[in-house]
Amino acid sequence: IATHSCAAHPERQRPANCAYPHATDKALTLVRLRAAALSLTGMKSTEELVAEGLAERGVPVLLIGGMALPAFDVVRQTVDMDCLLVDTQEGALNAVLTEAGYEELQRVEGFAQYVSSSVYLTDVDVMLVDEGTFEKIVARSQPLDLGRTIMRVPCAAHMIMLKLHATKNNPKRATRDVGDIVEILRNRPEQVSDDELRAMCERYGPDGVYNRITEAL
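Residues numbered from 1 in each chain as written. Predicted model: local features only at pLDDT ≥ 70, side-chain atom pairs only at ≥ 80, totals over all residues. Heavy atoms only, no water.

**Q** Teacher, can you tell me more about helix α2 (residues 46-56) here?
**A** Side chains that are three or four residues apart share a direction in an α-helix, a result of its 3.6 residues per turn. Regarding α2, the residues found buried are T46, E47, E48, V50, A51, G53 and L54. Two residues or fewer after α2 comes G58, characterised by a positive phi angle close to 70 degrees. (Buried < 20%, exposed > 50% of the residue type's maximum accessible area, 1.4 Å probe, protein only. Helix = DSSP H or I, 4+ residues; strand = E, 2+ residues; numbered from the N terminus.)

**Q** Sorry, what's going on with the pattern of salt bridges here?
**A** Pairing between side chains of opposite charge can happen when the charged atoms of each approach one another. Counting across every chain of the model gives 11 salt bridges. As a salt-bridge pair, E104 and R107 come within 2.8 Å of each other at their nearest N and O atoms. Residue classification places R107 among the partly exposed positions, given a relative accessible area of 40%. With its nearest N and O atoms 3.0 Å apart, the salt bridge here joins K163 to D180. One end of the pair, K163, is in helix α5 (residues 156-169); the other, D180, is in helix α6 (residues 174-187), and 17 residues separate them in sequence. Each member of the pair K163 and D180 is classed as buried. (Salt bridge = Lys/Arg side-chain N within 4 Å of Asp/Glu carboxyl O.)

**Q** Honestly, the pairing of strand β7 (residues 150-153) in this entry has me stumped. Any pointers?
**A** Sheet faces and side chains relate simply in a regular strand, where the side chains alternate between the two faces. Only one face of β7 is covered, namely the one carrying M151 and V153; the face carrying I150 and R152 has none of its residues buried. Bridge count for strand β6 (residues 142-145) against β7 is 4 bridges, and the pairing is antiparallel. Each bridged residue has a counterpart across the sheet, and for D145 the counterpart in β7 is I150. If you look at the hairpin formed by β6 and β7, you'll find 4 residues sitting between the two strands, and G147 has a positive phi there, around 105 degrees. (Pairing = 2+ DSSP bridges.)

**Q** Would you mind showing me how to read the nonpolar core here?
**A** Looking at soluble globular proteins, one finds that nonpolar side chains tend to be buried together. Ranked by internal contacts, the top residues of the largest apolar core, which has 59 residues, are L54, L84, V126, I160, L164 and I213. Apart from the residues lying within four places of it in its own chain, the contact partners of L164 are I181, M200, C201, Y204, G205, P206, V209 and I213. (Core = buried A, V, L, I, M, F, W, Y, C linked by side-chain atoms within 4.5 Å. Contact = heavy atoms within 4.5 Å.)

**Q** Would you mind going over a negative patch on the surface with me for this structure?
**A** A surface patch of negative charge is lined by D87, D130, E131 and E135. Overall, the relative accessible area of 38% leaves D87 in the partly exposed class. (Patch = residues over 30% accessible without salt bridge, like charges linked within 9 Å, V, L, I, M, F, W, Y side chains within 5 Å. Areas by Shrake-Rupley, 256 points an atom, 1.4 Å probe, with all protein chains shown as cover. Lys, Arg positive; Asp, Glu negative; His and termini not counted. Charge placed at Lys NZ, Arg CZ, Asp CG, Glu CD.)

**Q** I would appreciate a short explanation of helix α7 (residues 194-204) in the present structure.
**A** Among all positions in α7, only E196, L197, M200, C201 and Y204 are buried. One face of α7 carries all of its buried residues, which in axial projection span an arc of 135 degrees. Every exposed residue of α7 that faces more than 90 degrees away from the buried side is listed here: D195, E202 and R203. Tucked inside the fold, the buried residues of α7 contact α5, α6 and α8 (209-216). (Arc of directions from axis to C-beta.)

**Q** Sorry, what's going on with the pairing of strand β4 (residues 111-115) here?
**A** Pairing analysis gives 5 bridges linking strand β3 (residues 103-108) to β4, with the strands arranged antiparallel. By the bridge assignment for β4, E104 is matched with Y114. In this sheet, strand β5 (residues 123-129) lies alongside β4 in antiparallel orientation, the contact comprising 4 bridges. Within β5, the residue paired with Q113 across the bridge is D125.

**Q** What's the story with the packing of α5 against α6 in this structure? I'm lost.
**A** Relative orientation and spacing of two packed helices are given, respectively, by the angle between their axes and the distance between those axes. Contact pair α5 / α6: the axes reach a minimum separation of 9 Å and the direction vectors enclose 165 degrees. Judged on the interaxial angle alone, α6 and α5 are roughly antiparallel. Crossing hand, α5 versus α6: left-handed. Every residue of α6 that contacts α5 at A156, M159, I160, K163, L164, A166 and T167 is listed here: A174, D177, D180, I181, I184 and L185. Of the residues belonging to the contact of α5 with α6, the class tally is 9 nonpolar, 1 polar and 3 charged. (Axes fitted to C-alpha atoms, helices over the stretch in contact; angles between N-to-C directions. Parallel < 35°, antiparallel > 145°, perpendicular 65-115°, else oblique. Left-handed = near helix turned anticlockwise from the far one by under 90°. Nonpolar A, V, L, I, M, F, W, Y, C, P; charged D, E, K, R; others polar.)

Written as structure tokens, this is what we have:
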């Protein structure tokens, strides 16, 4: 996966109340309410287990997927945690999750999925990339306060790139992921130019996705 710049584009203006990477009050409130509810059980959240466990091992990780959307002022319910990791370091995450009682559900090239029997922990989907790609994405990433821990999330262009890639590989995700892309572009219009969006759609997305996105904006 190649990466794209997240530099500002003057042809798109950001609404005055949007400030990346800080989520809107509504988005942050939902995230923090979930963290507060979990704290009553005395357990760590999945995000805490992953962030702290990998930090102790010196392994960087990025939060992607639905849990990362509040960084773009987007609110969507999600039932799992998606993260991005260097493929050669996935063993560290396997160890962290195994210690927390997770089991590996499936593994294919570039992807692994873990599940937990605990009602308090979410499933974990892992996207694996080479070190060079990860370094380019993490270089432009920003922190997101999740209530009881902080994780880094990709910039707007990289989030869109990852969602396009996921949609192309799994068409069943198209409605959800295209909807997320549209909301990111609405809330961060200055961060991805039309030319950049078109190029990403042609390279990473399924046929027709550029028109689908632009028609929805």
